[in-house]
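So you can see what is in the structure, the chains are spelled out below.
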Amino acid sequence: MTTAKVYYKLEVLAPCEELAKEINGALEGQIFDYETMQLKKLEIEELCPECIVIVKR
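Below is a summary of the structure that appears in this document. (Residues numbered from 1 in each chain as written. Predicted model: local features only at pLDDT ≥ 70, side-chain atom pairs only at ≥ 80, totals over all residues. Heavy atoms only, no water.)

What to know about helix H1 (residues 17-27)
Every α-helix carries 3.6 residues per turn, so stepping three or four residues along brings you back to the same face.
Inference 1: Buried residues of H1: Ala20, Ile23 and Leu27, and no others. Taken down its axis, H1 places every buried residue within 75 degrees of arc, on the same side. Of the exposed residues in H1, those oriented more than 90 degrees away from the buried face are Glu17, Glu18, Lys21 and Glu22. (Buried < 20%, exposed > 50% of the residue type's maximum accessible area, 1.4 Å probe, protein only. Helix = DSSP H or I, 4+ residues; strand = E, 2+ residues; numbered from the N terminus. Arc of directions from axis to C-beta.)

Observations concerning the state of the cysteines
Inference 1: Under the criterion given, the structure shown has one disulfide.
Inference 2: The side chain of cysteine 48 participates in a disulfide bridge whose partner is cysteine 51; the two sulfur atoms lie 1.9 Å from each other. Judged by the sign of its S-S torsion, about 65 degrees, the cystine formed by cysteine 48 and cysteine 51 is right-handed.
Inference 3: A relative accessible area of 4% means that cysteine 48 is categorised as buried.
Inference 4: Of the residues examined, cysteine 51 reaches a relative accessible area of 8% and is grouped as buried.
Inference 5: Just so you know, cysteine 16 is unpaired, no disulfide at all, and the nearest cysteine sulfur is the one on cysteine 51, 9.1 Å from it.
Inference 6: With a relative accessible area of 37%, cysteine 16 lands in the partly exposed category. (Disulfide = S-S within 2.5 Å.)

Okay, structure coming up:
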């Protein structure tokens, strides 16, 4: 039996609308497997601690 591969998209909420647009523009169209999504989420949180990163399946 094979298991379906799950992919994730990221969306960022930032205190500054321009920053949110910039980050979300860079993430647009990208999908990640679980490990890559976790790394990208941590990277964003380190660069922008006040940002909220939303993970979508």
